[in-house]
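# What the coordinates show
Now for the letters of each chain:
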Amino acid sequence: MHGPRLTPDILLRAYAEGLFPMAERRGDPMLYWVSPDKRGILPLDAFHVPQRLARTVRARRFTVTADHAFADVIRGCAAPGPGRDESWINDEILRLYTALHAGGHAHSIECWQDDLLVGGLYGVRLCGAFFGESMFSCARDASKVALVHLVDALKRGGFVLLDTQFITAHLTQFGAVEIPRAHYLVLLNQALSREAIWPLF
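So, how was this worked out
Residues numbered from 1 in each chain as written. Predicted model: local features only at pLDDT ≥ 70, side-chain atom pairs only at ≥ 80, totals over all residues. Heavy atoms only, no water. Pairing = 2+ DSSP bridges. Helix = DSSP H or I, 4+ residues; strand = E, 2+ residues; numbered from the N terminus. Core = buried A, V, L, I, M, F, W, Y, C linked by side-chain atoms within 4.5 Å. Buried < 20%, exposed > 50% of the residue type's maximum accessible area, 1.4 Å probe, protein only. Phe/Tyr/Trp six-rings, centres within 6.5 Å; stacked < 30°, edge-to-face > 60°. Lys NZ or Arg CZ within 6 Å of the ring centre and 35° of its normal. Salt bridge = Lys/Arg side-chain N within 4 Å of Asp/Glu carboxyl O.

Across 4 bridges, the pairing between strand E3 (residues 38–41) and strand E9 (residues 177–180) is antiparallel. In the strand pairing of E9, isoleucine 41 is matched with valine 177. By the bridge criterion, 2 bridges tie E3 to strand E8 (residues 161–165) in an arrangement that is antiparallel. Residue pairing in the sheet places isoleucine 41 in a bridge with aspartate 163 of E8.

Structure representation (structure tokens):
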């Protein structure tokens, strides 16, 4: 992605058009725009929590917070992990999304054990849409618990679209589906016409 340096405002306008940025790898300074032919979404009214995970949530194995460690969550998502040697999150992504967070348009959910960050996720908020970017886990079920709390927050705040960008086996167990780009853009436009709030956690 060449030309003027990206700003948070440019990024938000891109999201409103159905685009999002990625890097080829962690060490590559360049970004490129992505608009998949098939887009992943997680219908909020059909969100499914597996029974074992529901028990984990009720047991409160993690202390769950929101927006307490945004930059650390992104770094956790970018760090190498089991089955993930490389990442699309580079320094430019970290700069841009930290700026979005400072402006109130990006949020994180964190899971802690003994004051140690062991999992979480982050994404972008725009009107009634939330664009999930990435998640990470250093403890079993930590990212899944973060997702359960995210969906609860979005429902309470009046959001109508949870964009997952792509579909993974991790997400399909919760009810995530893949839809054509044209259908996604219809849902996105509907969400952009809705007011929603990021509720107190």
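This next bit is on the nonpolar core. In this structure, Tyr15, Ile89, Tyr97, Tyr122 and Phe131 are the most contacted members of the largest nonpolar core, which totals 37 residues. Contributions of two or more residues to this core are made by helix H1 (8–16), strand E1 (20–22), helix H3 (70–78), helix H4 (91–102), strand E5 (106–113), strand E6 (116–126), strand E7 (129–137) and helix H7 (181–192). By size, the runner-up hydrophobic cluster in this structure holds 29 residues, among which are Phe130, Leu154, Leu162 and Trp198.

Let's shift gears to the packing of aromatic side chains. In the structure shown here, the tally under the stated rule is 6 aromatic pairs. With a centroid separation of 5.9 Å and an interplanar angle of 80 degrees, the aromatic rings of phenylalanine 20 and phenylalanine 166 are classed as edge-to-face. Placement of phenylalanine 20 in strand E1 and of phenylalanine 166 in the loop between E8 and helix H6 (169–172) is noted, with a sequence separation of 146 residues between them. Residue phenylalanine 20 is classed as buried on the basis of its relative accessible area, which comes to 0%. Measuring from ring centre to ring centre gives 5.8 Å for phenylalanine 130 and tryptophan 198, while their planes differ by 15 degrees; the resulting arrangement is stacked. With phenylalanine 130 in strand E7 and tryptophan 198 in the segment after H7, this pair connects stretches of sequence that are 68 residues apart. There is no split in this pair, since phenylalanine 130 and tryptophan 198 are both buried. Across from the ring centre of tyrosine 184, 4.1 Å away, lies the NZ or CZ of arginine 39, which sits over that ring.

This brings us to the pattern of salt bridges. Overall, the coordinates contain 9 salt bridges when judged by the stated rule. One salt bridge connects arginine 181 with aspartate 37, and the closest N-O pair in it is separated by 2.8 Å. With arginine 181 in helix H7 and aspartate 37 in the loop between strand E2 (32–34) and E3, the pair connects residues that are 144 residues apart, well separated along the chain. Given a relative accessible area of 30%, arginine 181 falls into the partly exposed group. Ionic pairing is found between glutamate 92 and arginine 95, a salt bridge with its closest N-O pair at 2.6 Å.

Here E6 lies mainly inside the structure; 10 of its 11 residues are buried. As paired strands, E5 and E6 are joined by 8 bridges and run antiparallel to one another. What sits directly across from isoleucine 109, in E6, is leucine 121. In the sheet, E6 pairs with E7 via 8 bridges, with the strands oriented antiparallel. Of the residues in E7, the one forming a bridge with leucine 126 is alanine 129.

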